[in-house]
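The residues making up each chain are set out below.
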Amino acid sequence: MPMPVLKKENIVLRSSVADKTEAIRLAGNILVNQGYVEPAYVDKMFEREALTSTYMGNFVAIPHGTEDARNLVKHAGISVVQIPDGVDYGDGHTAKILIGIAGKNDEHLAILSKIAIVCSEEENIQKIIEAAREEDILHLLNEVN
């Protein structure tokens, strides 16, 4: 049976991080700990961030590995880190939601489009920022088809 791309264990609520590096590491380590990626994938997330910021706007960042990191992905998956107080993401941006992405083949493209649809509406972003339960975020990200 294939691993679900997003499950309750991939979501961390009410996170408090010192900086962008700690935030990205947290998003990446969830993917490592849940068996989606090899530990080296987290380094590739930092490499990708060094090339260009993964900040998308509306308090959302989507850290992910570089193209050559695909061999480090065991299963397509996403992690969600909620940072209600926000973290400085550089260039004057504040991120309150980090969605870590591990893509395998082209599976992650469907995930990305789903996230883009949900996050295109500010009220949905607010719901994720304010979610009190992992299930609330799961429901929001899974109801879009």
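Above: the structure in question.
Residues numbered from 1 in each chain as written. Predicted model: local features only at pLDDT ≥ 70, side-chain atom pairs only at ≥ 80, totals over all residues. Heavy atoms only, no water.

### Section: the pairing of strand 4 (residues 77–90)
Here is step 1: Most of strand 4 sits out of view: ten of its 14 residues are buried.
Here is step 2: Bridging between strand 1 (residues 11–12) and strand 4 involves two bridges; their strand directions are parallel. Note on strand 4: the bridge partner recorded for Ile11 is Val80.
Here is step 3: The sheet contact formed by strand 4 and strand 5 (residues 93–102) spans nine bridges and is antiparallel. For Gly77, the partnering residue across the bridge sits in strand 5 and is Ala102.
Here is step 4: A loop of two residues connects strand 4 with strand 5, the two strands running antiparallel in sequence, and Asp91 in this loop sits at a positive phi of about 55°. (Buried < 20%, exposed > 50% of the residue type's maximum accessible area, 1.4 Å probe, protein only. Helix = DSSP H or I, 4+ residues; strand = E, 2+ residues; numbered from the N terminus. Pairing = 2+ DSSP bridges.)

### Points about the packing of aromatic side chains
Here is step 1: Overall, the coordinates contain one aromatic pair when judged by the stated rule.
Here is step 2: Between Tyr55 and Tyr89, the ring centres sit 6.1 Å apart and the planes meet at 40°, which makes this aromatic pair tilted. Of this pair, Tyr55 sits in strand 2 (residues 55–57) while Tyr89 is found in strand 4, placing the two residues 34 residues apart along the sequence. Taken as a pair, Tyr55 and Tyr89 share a single burial class, namely buried. (Phe/Tyr/Trp six-rings, centres within 6.5 Å; stacked < 30°, edge-to-face > 60°.)

### Some details on the sheet that holds strand 1
Here is step 1: With mixed pairing, five strands are arranged side by side in an open sheet as 1-4-5-3-2. A single partner strand is all that each edge strand has here, and the edge strands are strand 1 and strand 2.
Here is step 2: Note that strand 3 (residues 60–61) and strand 5 share two bridges and pair parallel. Following the sheet pairing, Val60 is matched in strand 5 by Ile97.

### A look at unusual backbone geometry
Here is step 1: Look at Arg14: it is not a glycine, yet its phi comes out positive at around 45°.
Here is step 2: Within the secondary structure, Arg14 sits in the loop between strand 1 and helix 1 (20–33).
Here is step 3: What makes Arg14 exposed here is its relative accessible area of 55%.
Here is step 4: Unlike most non-glycine residues, Phe59 shows phi in positive territory, near 70°.
Here is step 5: Taking relative accessible area as the criterion, Phe59 reaches 33% and is therefore assigned partly exposed.

### Considerations on a negative patch on the surface
Here is step 1: A cluster of like negative charges, contributed by Asp19, Glu22, Asp88 and Asp91, occupies part of the molecular surface.
Here is step 2: Looking at where Asp19 falls in the secondary structure, it is placed in the loop between strand 1 and helix 1. (Patch = residues over 30% accessible without salt bridge, like charges linked within 9 Å, V, L, I, M, F, W, Y side chains within 5 Å. Areas by Shrake-Rupley, 256 points an atom, 1.4 Å probe, with all protein chains shown as cover. Salt bridge = Lys/Arg side-chain N within 4 Å of Asp/Glu carboxyl O. Lys, Arg positive; Asp, Glu negative; His and termini not counted. Charge placed at Lys NZ, Arg CZ, Asp CG, Glu CD.)

### Examining the pattern of salt bridges
Side-chain pairs of opposite charge can arise whenever the charged atoms involved come near each other.
Here is step 1: Taken as a whole and judged by the stated rule, the model has six salt bridges.
Here is step 2: Put simply, Glu47 and Lys44 hold a salt bridge, and the shortest N to O gap is 3.5 Å. Separated by three residues within a single helix, Glu47 and Lys44 lie in helix 2 (residues 40–51), roughly one turn from each other.
Here is step 3: Judged by its relative accessible area of 17%, Lys44 is buried.
Here is step 4: Between Asp68 and Lys44 there is a salt bridge, with the nearest N and O atoms lying 3.3 Å from each other. Of the two residues, Asp68 sits in the loop between strand 3 and strand 4 while Lys44 sits in helix 2, which places them 24 residues apart along the sequence.
Here is step 5: Residue classification places Asp68 among the partly exposed residues on the basis of a relative accessible area of 48%.
Here is step 6: Overlapping salt bridges, with partners in common, bring together Lys44, Glu47 and Asp68 in one network.

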